[in-house]
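Structure assessment
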There are 2 protein chains.
Amino acid sequence: MTSDMIINHKDKANALLKADADKILKLIKVQMDNLTMPQCPLYEEVLDTQMFGLSKEIDFATRLGLVDETVGKKILDELEKELSVLHEASTRK
Amino acid sequence: MTSDMIINHKDKANALLKADADKILKLIKVQMDNLTMPQCPLYEEVLDTQMFGLSKEIDFATRLGLVDETVGKKILDELEKELSVLHEASTRK
């Protein structure tokens, strides 16, 4: 196992978390783009579940020492911001 | 970074998942031991959420190549078995 295999786990963990976060971001964007449509009543439930899942992955990666705590927190904070923008937009509608 | 640091991630990932699974098992045992008491109505919801969280960790560790898919599946299957024993016991009560 060469040394770049070692770094691989860290890079891969960060990349996986980023990709999973982007999937949630896409879900949020779809909702934002379809605000005029009747809101799927469960979308908040779906997004909350997705956020919970991502937070467990981030916690796991952090405990493993593969991802820095601040990096993990930043990923979640950015999504939380998008979620509150969405929530406000859908309640103002 | 010595080679044992490489293995460390795999061992640590497996150990973390085992420890998280044991936490859920303890929750199940507490419920089993207190079947005669009025069941906390949310215990199934709590256990489902915990199981979902663990499944996301296992999926993440598997995608990272740190844990073998069959190992992850075995962890969840064993807990599912305990959950159905608990469920039956509480409905038979």
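Summary of the structure given here. Predicted model, so just to flag it, every value in this text is computed and none were measured.

Basis of the calculations
- Residues numbered from 1 in each chain as written.
- Chains lettered and ligands numbered in written order.
- Predicted model: local features only at pLDDT ≥ 70, side-chain atom pairs only at ≥ 80, totals over all residues.
- Heavy atoms only, no water.
- Helix = DSSP H or I, 4+ residues; strand = E, 2+ residues; numbered from the N terminus.
- Contact = heavy atoms within 4.5 Å.
- Expected span 1.5 Å × (residues − 1).
- Buried < 20%, exposed > 50% of the residue type's maximum accessible area, 1.4 Å probe, protein only.
- Least-squares fit on C-alpha atoms with pLDDT ≥ 70 in both.
- Axes fitted to C-alpha atoms, helices over the stretch in contact; angles between N-to-C directions.
- Parallel < 35°, antiparallel > 145°, perpendicular 65-115°, else oblique.
- Nonpolar A, V, L, I, M, F, W, Y, C, P; charged D, E, K, R; others polar.
- Phe/Tyr/Trp six-rings, centres within 6.5 Å; stacked < 30°, edge-to-face > 60°.

Here's the deal with the environment of Leu47(B)
All names here are of chain B. Along the chain, the position of leucine 47 falls in helix 2 (residues 43-63). In this structure the C-alpha to C-alpha distance between leucine 47 and leucine 83, which are 36 residues apart in sequence, comes to 8.5 Å. Apart from the residues within four sequence positions on either side, leucine 47 is in contact with Ile24, Leu27, Ile28, Leu83 and Leu86.

Structural notes on helix 2 (residues 43-63) of chain A
Residues and elements named next belong to chain A. Taking 1.5 Å per residue as the helical rise, helix 2 with its 21 residues ought to reach 30 Å, and the 30 Å between its terminal C-alpha atoms agrees with that figure. Three or more residues of helix 2 are buried, namely Tyr43, Leu47, Met51, Gly53, Leu54, Glu57, Ile58, Phe60 and Ala61. Positive phi shows up at glycine 65, right after helix 2, with a value of about 80°.

Let's talk about helix 3 (residues 69-92) of chain B
Between the first and last C-alpha of helix 3 of chain B there are 34 Å, a value that for 24 residues agrees with the 34 Å anticipated at 1.5 Å per step. Every buried residue of helix 3 of chain B is listed here: Gly72(B), Ile75(B), Leu76(B), Leu79(B), Leu83(B), Leu86(B), Ala89(B) and Ser90(B).

A few points about the relation of the copies chain B and chain A
The two copies are related by a screw motion: chain B maps onto chain A through a turn of 180° and a shift of 0.0 Å along the axis, at an RMSD of 0.0 Å. Taken together, the rotation angle and the small translation identify this as a two-fold axis. Both copies contact each other with a shared surface, as 100% of the interface residues of chain B are interface residues in chain A too.

Regarding the packing of helix 2 of chain B against helix 3 of chain B
Relative orientation and spacing of two packed helices are given, respectively, by the angle between their axes and the distance between those axes. All names here are of chain B. Axis separation between helix 2 and helix 3 bottoms out at 10 Å; the angle between their running directions is 170°. The orientation of helix 2 relative to helix 3 falls into the category roughly antiparallel. Contact with helix 2, carried on its side by Tyr43, Glu44, Leu47, Met51, Leu54, Ser55, Ile58 and Thr62, involves Glu69, Gly72, Ile75, Leu76, Leu79, Glu80, Leu83, Leu86, His87 and Ser90 of helix 3 and no other residues of that element. For the contact of helix 2 with helix 3, the class distribution of residues is 10 nonpolar, five polar and three charged.

Regarding the packing of aromatic side chains
Taken as a whole and judged by the stated rule, the model has two aromatic pairs over all chains. A ring pair is formed by Phe60(A) and Phe60(B), whose centres lie 6.5 Å apart and whose planes are at 90°; its orientation type is edge-to-face. Of this pair, Phe60(A) sits in helix 2 while Phe60(B) sits in helix 2, which puts the two residues in different chains. Residue Phe60(A) is classed as buried on the basis of its relative accessible area of 0%.

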